[in-house]
Amino acid sequence: MAKATRPGDSGFDALLERLRPECDRIIAQYEHKRSALLPIMHLFQEHEGFVSPEAMAAAARMLDLTPAEVESTVSFYTLLYRKPVGRYMLQVCRGLSCVLNGADEFMAHCRTRLGIGHLETTDDGTFSYEEVECLAACDRAPCMQVNLEFFYDLTPERFDQMLDQMRNGVFEVPPLAQTRRPERTWLESPQAEIATGRRTRGAERVPDPDDPGGIGDRSGLIMLDRILARDQAFRGRTRERLVREDPQALERVVED
Ligand code: FES
């Protein structure tokens, strides 16, 4: 595994130096250099396998942006991975059209075959799995992206075939670079957050202190709570993750 890069680390500095001409070329294409943020973040992701904090800091310096401006843009897109991920990043659409065409069953199959849940990585660091919002391919539902390449009209059989090809190194999409070992889960202290009942500090000017002011907080647990509380149809999908992380949580939600 390649050595991790940290601020001031010669590994990242060397990468930055190597990519600097390409960054300059990208920046020169835009009237306003801040417009180059997304392509530059994709460039770093291509080489690091994710968008590291060092890459975001370097982009802020190059583009005269604040770190907050960079992070708020990067965190908006599921196309950019803010944590190290597996060599194959599997992002399955959970939007309405896909659900109407069997995405719930398809996602359950994916999770079973991978042995991981939403926002998790297999222990060998090969696969990361995420359920994402509409991928804008609704006419070919259900669909997913593998390392950002689209796959349409999916079935469990097709998914199994794709997994076999990835495991055997013959899949049509090449694996991602992996400069840091991914953690098993992208969540932060999920047990503690569920156990205390308080999920986040919440956003300013939002009446509910646990409301992040958007869809999904850093842990994803606020959205999970909303789904459990308001949409019975999604219970089967979230039960697996809840039971694994906190066996008593589901009972408490059902009792409530
Ligand atoms: S709902 Fe899945 S692509 Fe739009």
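Owing to the predicted nature of the structure, the values given are computational and were not obtained by experimental measurement.

A.B. asks: Quick question: what am I supposed to make of unusual backbone geometry here?
C.D. replies: With the exception of glycine, most residues fall at negative phi, and the peptide bonds are largely trans. Here the residue pair Ala141 and Pro142 is connected by a cis peptide bond, since its omega of -5 degrees sits within 30 degrees of zero. Among the secondary structure elements, Pro142 is positioned in the loop between strand 3 (127-132) and strand 4 (144-146). Positioned with a positive phi, Asp64 is a non-glycine residue whose angle comes to about 55 degrees. Along the chain, Asp64 falls in the loop between helix 3 (53-63) and helix 4 (67-74). Overall, Asp64 belongs to the exposed group, its relative accessible area being 59%. Backbone geometry at Asp153 places phi at a positive 50 degrees, although glycine is not the residue there.

A.B. asks: Quick question: what am I supposed to make of the sheet that holds strand 3 here?
C.D. replies: Backbone-to-backbone hydrogen bonds pair the strands of a sheet. The strands run either parallel or antiparallel. One open sheet holds the five strands; their spatial order is 2-3-1-4-5, and the pairing between them is mixed. Looking along the sheet, the strands with just one partner apiece sit at the ends: strand 2 (120-121) and strand 5 (149-151). As defined by bridge partners, strand 2 adjoins strand 3 across two bridges and the pair is classed as antiparallel. Its bridge partner being in strand 3, Glu120 is matched across the sheet by Tyr129. Relative to the sheet, helix 6 (residues 103-114) contacts strand 1 (88-93), strand 3 and strand 4, its axis offset from that of strand 3 by approximately 160 degrees.

About the cut-offs
- The residue numbers shown here count from 1 along each chain, following its written sequence.
- In keeping with the predicted nature of the model, local features appear solely for residues at pLDDT of at least 70, side-chain atom pairs appear and are counted solely at 80 or more, and the whole-chain, interface and lining totals rest on all residues.
- Excluding hydrogens and water, the side-chain values take into account all heavy atoms of the structure.
- Helical segments are the DSSP runs of H or I of at least four residues, strand segments are the runs of E of at least two, and each set is numbered from the N terminus.
- Buried residues are those whose accessible area, probed at 1.4 Å on protein chains only, stays under 20% of the maximum for their type, while exposed residues exceed 50% and partly exposed ones sit between those limits.
- By definition, two strands form a pair when at least two bridges between them are found by DSSP.
- In this analysis, two residues are considered to be in contact whenever any of their non-hydrogen atoms come within 4.5 Å of each other.
- Only the stretch in contact is used when fitting a helix axis, every axis being a line fitted to C-alpha atoms; angles between N-to-C directions are given from 0 to 180 degrees.

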